Amino acid sequence: MYKFYSNLKNFFSLKKRTKVVVLSNFDFNANILIEFLIENSNYEIHHLCCHPFEFNNDLYEFHNNKCPLFKSSSLIKSRYFFYHNINKKSYKFILQNADIVVCSFFQHIIQILDSGYLSEKTQIINIWHGFPIRNIGYLCDGEKNFTAKILSYNRTENIHHVVPSKFYQDLFIKAFCTKEKFVYILGNIRSSIIKNTNNIADTYLKKIHKNYKNYKIILFCPTHATRSNDDIQYLPLFIYQDYNIKEFNDFLYQNKILLLLKKHNGDTNNYDCNASNIIFLNKKSLKNAKIVIQNLFYYSDMLITDASSLYVDYLLCNKPILITSTPDTYKFKLISDEVIKQDIITTQVQLMQQIQSNIITQNKISAKQAEIRDLLCGNTEYNLVLPRLKKLLIKLKK
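The text that follows walks through the structure, step by step, so that each part is easy to find. (Residues numbered from 1 in each chain as written. Predicted model: local features only at pLDDT ≥ 70, side-chain atom pairs only at ≥ 80, totals over all residues. Heavy atoms only, no water.)

Remarks on the overall build of the chain
Move 1: A count of helical and extended segments in the chain gives 16 helices and 13 strands.
Move 2: Looking at the chain residue by residue over its 398 residues, the buried ones come to 54%.
Move 3: Considering only contacts in the chain between residues 6 or more positions apart, those separated by 24 or more positions represent 71%.
Move 4: Carbon and sulfur atoms make up 49% of the accessible area of the chain, which amounts to about 19,100 Å² in all. (Helix = DSSP H or I, 4+ residues; strand = E, 2+ residues; numbered from the N terminus. Buried < 20%, exposed > 50% of the residue type's maximum accessible area, 1.4 Å probe, protein only. Contact = heavy atoms within 4.5 Å. Areas by Shrake-Rupley, 256 points an atom, 1.4 Å probe, with all protein chains shown as cover.)

Remarks on the nonpolar core
Move 1: In terms of nonpolar packing, the biggest core is built from 60 residues, with Val-101, Ile-112 and Leu-219 touching the most fellow members.
Move 2: Look past the residues within four positions of Val-101 in its chain and what remains in contact with it is Val-21, Leu-23, Leu-95, Ile-112, Leu-118, Thr-122, Gln-123, Ile-124 and Ile-125.
Move 3: Counting residues in each nonpolar core, the second largest holds 30 residues, with Val-22, Tyr-80, Ile-100 and Leu-396 among its members. (Core = buried A, V, L, I, M, F, W, Y, C linked by side-chain atoms within 4.5 Å.)

Considerations on the sheet that holds strand 3 (residues 80-84)
As a general point, the strands of a sheet are linked pairwise by backbone hydrogen bonds and lie either parallel or antiparallel.
Move 1: Spatially, 3-2-1-4-5-6-7 is the arrangement adopted by the seven strands of the open sheet, whose pairing is parallel. Of all the strands in the sheet, the pair left with one neighbour each is strand 3 and strand 7 (183-185). Strand-to-strand, the axes of this sheet are offset by a mean angle of 20°, without reference to chain direction.
Move 2: Where strand 1 (residues 19-24) and strand 2 (residues 44-49) come together, six bridges link them in parallel fashion. What sits directly across from Lys-19, in strand 2, is Glu-44.
Move 3: The strands touched by helix 2 (residues 28-40) within the sheet are strand 1, strand 2, strand 3 and strand 4 (100-103), with strand 2 carrying the most contacts at an inclination of about 160°. (Pairing = 2+ DSSP bridges. Axes fitted to C-alpha atoms, helices over the stretch in contact; angles between N-to-C directions.)

Remarks on the packing of aromatic side chains
Move 1: Scanning the entire structure with this criterion turns up 11 aromatic pairs.
Move 2: Pairing Tyr-91 with Tyr-117 gives two aromatic rings, centres 6.1 Å apart and planes at 70°, and the pair type is edge-to-face. Pair noted here: Tyr-91 is in helix 4 (residues 88-96) and Tyr-117 is in the loop between helix 5 (106-115) and strand 5 (123-126), with a separation of 26 residues, a long-range link.
Move 3: Their ring planes at 85° and their centres at 5.4 Å tell us that Phe-167 and Tyr-168 sit as a pair that is edge-to-face.
Move 4: A relative accessible area of 16% places Phe-167 in the buried class.
Move 5: Of the aromatic side chains, those joined through ring pairs into one cluster are Phe-220, Phe-238, Tyr-240, Tyr-243, Phe-248 and Phe-251. (Phe/Tyr/Trp six-rings, centres within 6.5 Å; stacked < 30°, edge-to-face > 60°.)

Comments concerning the side chain of Asn-158
Move 1: With respect to the secondary-structure elements, Asn-158 resides in the loop between helix 7 (141-151) and strand 6 (159-163).
Move 2: Here Asn-158 falls in the buried class, since its relative accessible area comes to 5%.
Move 3: Here Thr-122 takes part through its backbone oxygen, which lies 3.1 Å from a polar atom of the side chain of Asn-158. (Polar contact = N/O pair within 3.5 Å; in protein donor to acceptor, adjacent residues only side chain to side chain.)

Focus: the sheet that holds strand 9 (residues 257-261)
Move 1: Pairing in this open sheet of six strands is parallel, and the strands run 10-9-8-11-12-13 from one edge to the other. In this open sheet, the two edge strands, each paired with only one partner strand, are strand 10 (278-280) and strand 13 (344-345).

Examining the pairing of strand 8 (residues 216-221)
Move 1: The element strand 8 is largely enclosed, with a buried count of five among its six residues.
Move 2: With five bridges joining them, strand 8 and strand 9 adopt parallel strand pairing. Bridged to Ile-218 within strand 9 is Leu-259.
Move 3: Direction of pairing for strand 8 relative to strand 11 (residues 302-305): parallel, over a ladder of four bridges. Its bridge partner lying in strand 11, Cys-221 is registered against Thr-305.

Listed below in structure tokens is the structure:
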């Protein structure tokens with residue numbers, strides 16, 4: 001406890017440093033930003049974990065001086081402070097002394113506005129952990145209540161949003177009833193690692209399949225997070241009526257394809273992956289390797305997903321994307337006719353035909369997908385996203 005309040009004392013005493021508070025659930029959009037600011041600025045970073053369900057004592061133990069995000073740096077201990085499950089008094093103190101608060105979920109904006117702890121000069125930046133269209137442009141009733149609260153805030157000029165394209169700028173202006181000057185087209189933070197090649201990802205893939213470079217790689221990243229039948233121990237990968245894992249695996253084997261399944265972090269289901277060419281990417285193994293699914297994009301040849309915001313990330317790779325039917329596909333249907341206009345695969349026969357056509361025969365994206373990429377991604381200079389965001393922080397602090 002003494003050490004914790006010692007940190008708060010440091011926070012209060014270093015008046016000359018810009019104090020940036022980051023609210024996140026350990027999503028790596030926030031992690032990438034924090035690491036960049038630690039290495040490229042003199043800001044004092046206060047990282048608040050908003051939801052404890054992903055807290056891991058081995059990785060995120062501040063009191064043992066184990067940094068949750070970074071490799072090693074002597075600067076980290078003096079400028080990076082991590083808090084988890086702090087009390088109301090400490091939470092109030094941190095927010096009251098913040099120059100800038102960065103939120104990785106728009107719900108976090110509500111959390112800090114409801115607290116009433118912010119000073120009049122504090123600026124809020126919404127960096128959004130991903131860019132699902134449904135959750136912003138086509139809000140369900142619960143999400144409408146969130147945005148209604150934001151609209152009732154009497155200092156909306158203190159709230160700023162970072163987006164990747166004009167398309168998203170227009171959506172955010174409408175969803176948050178704000179002005180164009182408060183929605184900045186800077187790019188998506190997490191896209192800064194999409195085309196990176198690194199030894200860590202290569203080593204990880206070699207561990208799961210030593211000859212992976214001799215195969216086409218398909219990433220399957222569904223979002224459904226609720227068990228459809230508690231009596232079934234292992235659910236099928238796809239909910240097609242004609243789904244047959246042996247036939248599908250034979251197809252993958254004959255065409256030298258590996259299908260890598262990455263579940264959504266909130267998915268509690270177990271899936272039937274007992275096949276030679278279907279590999280489950282264990283969340284713990286990814287965390288231990290210190291990589292995220294976007295690190296594997298460079299090495300892959302295709303993405304199969306449903307309503308995941310990974311769709312937007314993967315568009316930048318200029319590789320084929322297939323939309324498959326899952327329990328969460330209804331979310332995608334809400335927007336597909338108006339924005340994406342991409343067919344949803346509903347049978348195994350269709351799936352194999354599309355794989356055959358897209359990565360075995362053509363191995364290139366369609367004109368339709370290129371059009372969607374230009375619409376949603378807009379700012380494709382992903383290597384400039386973080387420097388642009390730093391300039392925004394400097395501008396808002398003045």
